[in-house]
Amino acid sequence: MSAIRTLATGSALAALVAVGVTAAPAASAKGLEVRSAGSCSIASTWKLKAKTDNAQIRVEYEVDSNVVGQTWSVRILDNGVRVAAGTATTVAPSGSFVFARLIPNAAGTDTIVGVATNAATGETCRGRVVFGG
């Protein structure tokens, strides 16, 4: 009976350790993280993520068109003010790109908008997150 109790206790302890290890990244993260996702105007999809990174906000805007080699114009706005802009090209194997930038963390709530436009197809993607960090 003692061996069974030890095994059960050991299993419970292992389960708690596993949960602790799994939960540790979220608990030890540098701060707030918000995400959203949606569809673009034709067939592509987008994902927008914002998270705290050393007193700034790391913004990652991903567009997936499933077509390799497309060039997109990308803008990131924070509370209506453009804080980043550039171009991105979809790459193999997925036909997607990730446009990542560090932006200042303004006082109060940040409404972050990612806009991507494909001039060749006319498709537009527009994502939005509200970041309270």
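Analysis parameters
- Residues numbered from 1 in each chain as written.
- Predicted model: local features only at pLDDT ≥ 70, side-chain atom pairs only at ≥ 80, totals over all residues.
- Heavy atoms only, no water.
- Helix = DSSP H or I, 4+ residues; strand = E, 2+ residues; numbered from the N terminus.
- Buried < 20%, exposed > 50% of the residue type's maximum accessible area, 1.4 Å probe, protein only.
- Contact = heavy atoms within 4.5 Å.
- Areas by Shrake-Rupley, 256 points an atom, 1.4 Å probe, with all protein chains shown as cover.
- Disulfide = S-S within 2.5 Å.
- Polar contact = N/O pair within 3.5 Å; in protein donor to acceptor, adjacent residues only side chain to side chain.
- Phe/Tyr/Trp six-rings, centres within 6.5 Å; stacked < 30°, edge-to-face > 60°.
- Lys NZ or Arg CZ within 6 Å of the ring centre and 35° of its normal.
- Pairing = 2+ DSSP bridges.
- Axes fitted to C-alpha atoms, helices over the stretch in contact; angles between N-to-C directions.

A. Molecular detail of the overall build of the protein chain. Looking only at helices and strands, one finds one helix and eight strands in the protein chain. In the protein chain, which comprises 133 residues, the proportion classed as buried is 30%. Across the protein chain, contacts joining residues at least 24 apart in sequence account for 51% of those joining residues at least 6 apart. Working note: accessible area of the protein chain is about 7,800 Å², and carbon and sulfur atoms make up 59% of it.

B. Molecular detail of the state of the cysteines. With the rule as written, the count across this model stands at one disulfide. Disulfide pairing places Cys40 opposite Cys125 at an S-S distance of 2.0 Å. Of note, the bridge from Cys40 to Cys125 carries an S-S torsion of about 105° and is right-handed in sense. Of this pair, Cys40 sits in the loop between β1 (33-39) and β2 (45-53) while Cys125 is found in strand β8 (residues 124-131), placing the two residues 85 residues apart along the sequence. The exposure classification of Cys40 matches that of Cys125, with both residues buried.

C. Representation of the side chain of Thr90 within the structure. Position of Thr90 among the secondary structure elements: in the loop between β5 (81-89) and β6 (96-104). The class for Thr90 is buried, based on a relative accessible area of 2%. A polar side-chain atom of Thr90 sits 2.5 Å from the main-chain carbonyl oxygen of Val67. Leaving out residues up to four positions away in the same chain, Thr90 has contacts with Ser65, Val67, Val68, Gly69, Gln70, Trp72, Gly95, Ser96 and Phe97.

D. Spotlight on the packing of aromatic side chains. Using the criterion set out here, one finds one aromatic pair in the structure. Seen from their ring centres, Trp72 and Phe97 are 6.2 Å apart, and the 50° between their planes marks the pair as tilted. Taken together, the positions of Trp72 in strand β4 (residues 71-78) and Phe97 in strand β6 put the pair 25 residues apart, joining distant regions of the chain. Take Trp72 and Phe97: they sit in the same class, and that class is buried. Over the aromatic face of Phe99 sits the side chain of Arg101, whose NZ or CZ is 3.9 Å from the ring centroid.

E. Quick peek at the pairing of β2. Looking at chain direction, β1 and β2 are connected through seven bridges and run antiparallel. In the strand pairing of β2, Ser36 is matched with Leu48. The antiparallel hairpin formed by β1 and β2 contains five residues in its connecting segment. Bridging between β2 and strand β3 (residues 56-64) involves nine bridges; their strand directions are antiparallel. Opposite Leu48, over in β3, you have Tyr61 as the bridge partner. Counted along the chain from β2 to the antiparallel partner β3, the turn is two residues long, and its residue Asn54 has a positive phi close to 50°.

F. Geometry of the sheet that holds β2. With respect to topology, four strands assemble into an open sheet ordered β1-β2-β3-β6, the strand pairing being antiparallel. Among the strands making up the open sheet, the edge pair consists of β1 and β6. The mean angle between the axes of side-by-side strands here comes to 15°, regardless of whether they run parallel or antiparallel.

Keep in mind these values describe shape, not function.
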